[in-house]
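# Coordinates in review
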Amino acid sequence: MSLFNTLQTGASGLGVSGASLGVIGDNIANLNTTGFKRSRANFADLLPQGTFGLAGPQQMGRGAATSTISTQHSQGALSGSGNALDIAISGRGFFQVNAGSESFYTRDGSFGLDADGFVVNAGGYRLQGYNADGGVVSPVVGDLQIDQAPIAPQVTSEITLDLSFAPQDPSDPYATNLADAQAAGTLDGTSVDLTTFADSMDHSTSVTVYDSLGQPHDALVVFEETAPGTWEYSMLIDASETDVAGAIEGGALEVMSGELSFDTDGQLTSVTQNVSGAAWSWPGADVWTPSLDLGLDPATGNPTDGGVNINATDTSTTLAVSQDGYAQGTLNNLQVDDEGNILGRYTNGEEIVLGQLAIASFEAEGGLERSGGNLFRATMASGDPALGVAGTGNRGDTVGYALERSNVDLEQEFVSMIQAQRSYQANAGVVSTADETLQELVQLV
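Residues numbered from 1 in each chain as written. Predicted model: local features only at pLDDT ≥ 70, side-chain atom pairs only at ≥ 80, totals over all residues. Heavy atoms only, no water.

## Here's the deal with empty space enclosed by the protein
Inspection of every chain in the model, using the stated rule, returns one cavity of 30 Å³ or more. Its volume calculated, the largest cavity comes out at about 30 Å³. Contributing to the lining of the largest cavity are Val-255, Val-275, Ser-276, Trp-280, Trp-288, Thr-289 and Pro-290. Across the lining of the largest cavity, the residue classes break down as five nonpolar, two polar and no charged. (1 Å grid on protein atoms, 1.4 Å probe; cavity = no way out; pocket = protein on both sides within 12 Å on 5 of 7 lines; lining within 4 Å. Points joined across faces, edges and corners; volume = space filled by probe spheres on them. Nonpolar A, V, L, I, M, F, W, Y, C, P; charged D, E, K, R; others polar.)

Pasting the structure below:
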């Protein structure tokens, strides 16, 4: 090899060392860039030069060159955030954002809402996901838009009770007396209110229900043991709040009644349920015809939500009460769960799914091309993205109120920088020595 070739070999070493320092500098510069993935410079030797020695043909290296600069897609640490739409991916996968007709992929989950309710990144690119209508998520991927309008009220259609009765001394059937008390608010000729009914029965429980306008009302469900293993029940409301003619202030209106039967083990065996009286409504609202779930379907006898039993205790107990109505509510805040569901929480206590993130996975994520702005572009090397729900396939879970930090390890970058610096100095020494040798050769001529 000639001295000129030695100069070229040293120069190639300077080039790869400089490239390594450039990559390291880029990594360190992006130490605090959200979702940044560090790069690594990979080098390869150049095609060697053939020579002839005493032992026959030989090969002599001609230096090195940069082969690839690869992106390292290892997980970065997650840090908490105060923004509901700051989202991190724990595991593999990317968020997909669209800029017009072009799609990009990113691990930077710092999103917000634009004026039209679309979820966008800092560049205004729209996050892709599954939109929801009435809490039902669409299977079609598109620009993710959050409906920030108030939710309409929902009338109570189903009331569910879990009860445990204590055995009582059976009394005479009371259903006739309750029927006589409708609208007039009397029991055995005496004017009574809901509290009086509650105090006079073996057990009672109250629940707040909602009419079709979203107005709340109190409903009282009373129970009386009328024979061993037989309990009768009624649902009562304040008749004076309804459109029933002649209702007395505080009078009790029976809207539902029925009978519960139990076996000798205290387990519920059958339920009957009847709507009492003529159709009625609260002023301005639709006719109210709720159902009461007590553990068995009155028509089929199949199990339902709720449950009632008899236990050898001193006091009957209401274990749980629920109903499916609510008043109008305005959006209070957002929450993202581990499956990428964006949940809207409203002032009326309701929680509704407003959309779901789409997570893109690649067979060869190392083939993605950096596009600046924390974005990647799909290439032939990466393959096409496979969009799906977080936590499915090889996709990671989503974490709300969090962001993924850069995966740059500063200590390791400093070590690599020292190695690259020493390599540069050594190659500079090769160039300097070759230059001095050439100068001596010139002086000898």
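## A closer look at the pattern of salt bridges
Counted according to the given criterion, the structure contains nine salt bridges. Ionic pairing is found between Lys-37 and Glu-404, a salt bridge with its closest N-O pair at 2.5 Å. With Lys-37 in the loop between helix H1 (3-29) and strand S1 (39-45) and Glu-404 in strand S33 (residues 402-404), the pair connects residues that are 367 residues apart, well separated along the chain. Residues Glu-365 and Arg-92 are paired through a salt bridge, measuring 3.7 Å at the closest nitrogen-oxygen approach. Of this pair, Glu-365 sits in the loop between strand S28 (359-361) and strand S29 (369-372) while Arg-92 sits in the loop between strand S6 (87-90) and strand S7 (94-99), placing them 273 residues apart in sequence. (Salt bridge = Lys/Arg side-chain N within 4 Å of Asp/Glu carboxyl O. Helix = DSSP H or I, 4+ residues; strand = E, 2+ residues; numbered from the N terminus.)

## Overview of the nonpolar core
In this structure, Phe-165, Phe-223, Met-235, Leu-260, Trp-288 and Leu-292 are the most contacted members of the largest nonpolar core, which totals 30 residues. Looking at this core, the elements with two or more residues in it are strand S13 (158-165), strand S16 (203-210), strand S17 (216-227), strand S18 (230-238), strand S19 (252-262), strand S20 (268-271) and strand S23 (307-310). Per element, the largest residue contribution to this core is five residues, and it comes from S19. Among the nonpolar cores identified, the runner-up in size contains 24 residues, and Ile-87, Tyr-326, Val-336 and Leu-354 belong to it. (Core = buried A, V, L, I, M, F, W, Y, C linked by side-chain atoms within 4.5 Å. Buried < 20%, exposed > 50% of the residue type's maximum accessible area, 1.4 Å probe, protein only.)

## Re the pairing of strand S25 (residues 331-336)
As defined by bridge partners, S25 adjoins strand S26 (residues 341-346) across five bridges and the pair is classed as antiparallel. Bridging from a neighbouring strand, Asn-333 pairs with Arg-345 of S26. Between S25 and S26, which pair antiparallel and follow one another directly, the connecting turn spans four residues, one of which, Gly-340, has a positive phi of 85°. (Pairing = 2+ DSSP bridges.)

## A few points about the packing of aromatic side chains
Per the stated rule, a full pass over the model turns up 12 aromatic pairs. Ring geometry for Phe-165 against Trp-231: centres 4.0 Å apart, planes inclined by 10°, an arrangement best described as stacked. One end of the pair, Phe-165, is in strand S13; the other, Trp-231, is in strand S18, and 66 residues separate them in sequence. Exposure class is identical for Phe-165 and Trp-231. Each is buried. Pairing Phe-165 with Phe-262 gives two aromatic rings, centres 6.3 Å apart and planes at 75°, and the pair type is edge-to-face. (Phe/Tyr/Trp six-rings, centres within 6.5 Å; stacked < 30°, edge-to-face > 60°.)

## Quick notes on the side chain of Ser-361
Mapped onto the fold, Ser-361 is located in strand S28. Within the local environment of Ser-361, its side chain forms a polar contact with the side chain of Asn-394, the two groups lying 3.5 Å apart. Residues within four places of Ser-361 in sequence aside, it is in contact with Asp-384, Pro-385, Ala-386, Asn-394 and Arg-395. (Polar contact = N/O pair within 3.5 Å; in protein donor to acceptor, adjacent residues only side chain to side chain. Contact = heavy atoms within 4.5 Å.)

## Some remarks on the confidence of the model for the protein chain
The pLDDT averaged across the protein chain works out to 85; a share of 84% of its residues lies at or above 70. This stretch, residues 179-189, has a pLDDT under 50; its non-local contacts, to residues over four places away or in other chains, come to 32 contacts. (pLDDT = per-residue confidence, 0-100.)

## Describing the layout of surface pockets
Estimates place the volume of the largest pocket at around 230 Å³. For the largest pocket, the full set of lining residues is Ala-132, Asp-133, Gly-134, Gly-135, Asp-147, Ala-149, Pro-150, Ile-151, Tyr-346, Ile-352, Val-353 and Leu-354. In terms of residues, the lining of the largest pocket owes the most to one element, strand S27 (residues 351-357), which gives three residues. When the residues that make up the lining of the largest pocket are grouped by side-chain class, the tally is eight nonpolar, two polar and two charged. Roughly 160 Å³ of volume is contained in the second largest pocket. Lining the second largest pocket are 16 residues; nearest its centre among them are Phe-36, Arg-370, Gly-373, Asn-374 and Leu-375.

## Notes on unusual backbone geometry
Positive phi, close to 65°, is recorded for Asn-374, a residue that is not glycine. The residue Asn-374 is located in the loop between S29 and strand S30 (375-377) in this model. Assessed through its relative accessible area of 25%, Asn-374 is described here as partly exposed. Positive phi outside glycine occurs at Tyr-401, with the angle close to 55°. The residue Tyr-401 is located in the loop between strand S32 (397-400) and S33 in this model.

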